[in-house]
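Observations on chain architecture
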Amino acid sequence: QVEVVESGGGSVQVGESLTLSCAVSASTYSMKRVAWFRQTPDKEREGVASLYTGGGNTYYGDSVKGRVSISQDDAKNTVYLRMDSLKVEDTAMYYCAADFRGGRVWDASRYVHWGQGTQVTVSS
């Protein structure tokens, strides 16, 4: 059973930065694609960033484009999400999803393994 564990969330001020980590218990290369999603109680799950673990090919959600960057450390089987210039509207639970089975990158049902989430709260 593959485990996915997120970390790095916390409470920050508007304009600050945060880096989230997603540790996968298997080779990130074997996951094909790893993605970050976020969700609040009053909104649908939203795709934030997605990375093809074979190298390159990244996608970013429109609401975060230009402010976030996804990267990987193969030696640590870890995928990172760096977020800059954080806004109040970035407040959400952030989830890491791994093992992509093809289809639309932002289709959450196409990812097999999910973490429990890490909370990000941005205040003004």
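These lines cover the structure that appears in this document, whether it is placed above or below. This one's a predicted model, so the numbers in the text were calculated from it and none came from an experiment. The residue numbering used here restarts from 1 in each chain and proceeds along that chain's sequence as written. Only residues with pLDDT of at least 70 are given local features in this predicted model, and only at 80 or more are side-chain atom pairs given and counted; all residues enter the totals for whole chains, interfaces and linings. Just so you know, side-chain values use all the structure's heavy atoms and leave hydrogens and water out.

Quick word on the pairing of strand 9 (residues 92-100)
Classification of residues uses two cut-offs on accessible area relative to the type maximum, computed with a 1.4 Å probe and protein chains only: under 20% is buried, over 50% is exposed, and between them is partly exposed. A run of H or I in DSSP becomes a helix once it reaches four residues, and a run of E becomes a strand once it reaches two; helices and strands are each numbered from the N terminus. Of all 9 residues making up strand 9, 7 are buried, and the element is well covered by its neighbours. Pairing between two strands is assigned when DSSP locates at least 2 bridges connecting them. Alignment of strand 9 against strand 11 (residues 118-123), held across 3 bridges, turns out to be antiparallel. Paired with Ala92 across the bridge in strand 11 is Val120. Pairing of strand 9 with strand 10 (residues 111-114) involves 3 bridges; the strand directions are antiparallel. Following the sheet pairing, Ala98 is matched in strand 10 by His113.

Some details on the sheet that holds strand 1 (residues 4-7)
Overall, antiparallel pairing links the 4 strands, which are arranged 1-3-8-7 in an open sheet. Two strands bound the open sheet, and with one partner strand each, they are strand 1 and strand 7 (68-73). Across the sheet, the mean angle separating the axes of adjacent strands is 15° when strand polarity is ignored. With 6 bridges connecting them, strand 3 (residues 18-24) and strand 8 (residues 78-83) associate as antiparallel partners. A fitted line through C-alpha atoms serves as each axis, taken over the contacting stretch for helices, and the angle formed by two N-to-C directions is quoted from 0 to 180°.

Some thoughts on the packing of aromatic side chains
Each Phe, Tyr or Trp ring (for Trp, its six-membered ring) is paired with any other whose centre lies within 6.5 Å, and the angle between the two planes then decides the class: stacked below 30 degrees, edge-to-face above 60, tilted in between. Counted by the stated rule, this structure contains 5 aromatic pairs. Geometrically, the ring pair formed by Phe37 and Tyr111 is edge-to-face, given 5.6 Å between the ring centres and 80° between the ring planes. Of this pair, Phe37 sits in strand 4 (residues 33-39) while Tyr111 sits in strand 10, and the two are 74 residues apart along the sequence. Both residues of the pair, Phe37 and Tyr111, belong to the buried class. In this structure, Arg33 is placed above the aromatic ring of Phe100, and the distance from its NZ or CZ to the ring centre is 5.9 Å. Against the face of Trp114 rests Arg45, its NZ or CZ located 4.7 Å from the ring centre. Only Lys NZ and Arg CZ are tested; either one counts as a charge over a ring when it is within 6 Å of the ring centre and within 35 degrees of the ring normal.

Regarding the nonpolar core
Only buried residues count toward a nonpolar core. Its members are Ala, Val, Leu, Ile, Met, Phe, Trp, Tyr and Cys residues joined through side-chain atoms within 4.5 Å. Residues Leu20, Cys22, Trp36, Ile70, Leu81, Met83 and Tyr94 are the most contacted members of the largest nonpolar core, which totals 28 residues. Those elements that place two or more of their residues in this core are strand 3, strand 4, strand 5 (46-52), strand 7, strand 8, strand 9 and strand 11. In this view, Ile70 contacts Val34, Trp36, Ala49, Ser50, Leu51, Thr58, Tyr60, Val79, Tyr80 and Leu81; residues no more than four positions away in its chain are not counted. Judged by nonpolar contacts, the second largest core, of 6 residues, contains Phe37, Ala97, Val105 and Tyr111. Any two residues whose heavy atoms approach within 4.5 Å are treated as being in contact.

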